[in-house]
Amino acid sequence: MRTTPATNSEADAWIAVLLKYGHLHHAQPGPEGAWTVRRTSTSTPRTLHHPVLVLDYVADVLCDVRGKPSELPR
């Protein structure tokens, strides 16, 4: 659980990593830390207006890339 709020620089860094490794087709920064992102060339663009939304999106992408486990280990 986080104890500090997400920052614009953290969101920017994660977007850069996803772009570098080919997990995003396109990402364009917007005003006040917003991002418009596309997973593939044919996917609908999504605008993420807050760093927390960016980090949620990044988490979804990472789950897709890693594959969701059927059951968590105990």
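Residues numbered from 1 in each chain as written. Predicted model: local features only at pLDDT ≥ 70, side-chain atom pairs only at ≥ 80, totals over all residues. Heavy atoms only, no water.

A. Quick peek at a nonpolar patch on the surface. A cluster of nonpolar side chains, Trp14, Val17 and Tyr21, forms an exposed patch at the surface whose accessible area comes to about 310 Å². In this fold, Tyr21 is placed in the loop between helix H1 (8–20) and strand E1 (26–29). When its relative accessible area of 57% is taken as the criterion, Tyr21 is described as exposed. (Patch = residues over 30% accessible without salt bridge, like charges linked within 9 Å, V, L, I, M, F, W, Y side chains within 5 Å. Areas by Shrake-Rupley, 256 points an atom, 1.4 Å probe, with all protein chains shown as cover. Salt bridge = Lys/Arg side-chain N within 4 Å of Asp/Glu carboxyl O. Helix = DSSP H or I, 4+ residues; strand = E, 2+ residues; numbered from the N terminus. Buried < 20%, exposed > 50% of the residue type's maximum accessible area, 1.4 Å probe, protein only.)

B. Focus on H1. For H1, spanning 13 residues, the distance from its first C-alpha to its last is 18 Å, which sits close to the expected 18 Å at 1.5 Å a residue. For H1, the full list of buried residues reads Ala11, Ile15 and Leu18. With its buried residues spanning 60° around the axis, H1 presents them on a single face. Summarising the geometry of H1, the exposed residues directed more than 90 degrees from the buried face are Ser9 and Lys20. Elements that come into contact with the buried residues of H1 comprise E1, strand E2 (35–38) and helix H2 (51–66). (Expected span 1.5 Å × (residues − 1). Arc of directions from axis to C-beta. Contact = heavy atoms within 4.5 Å.)

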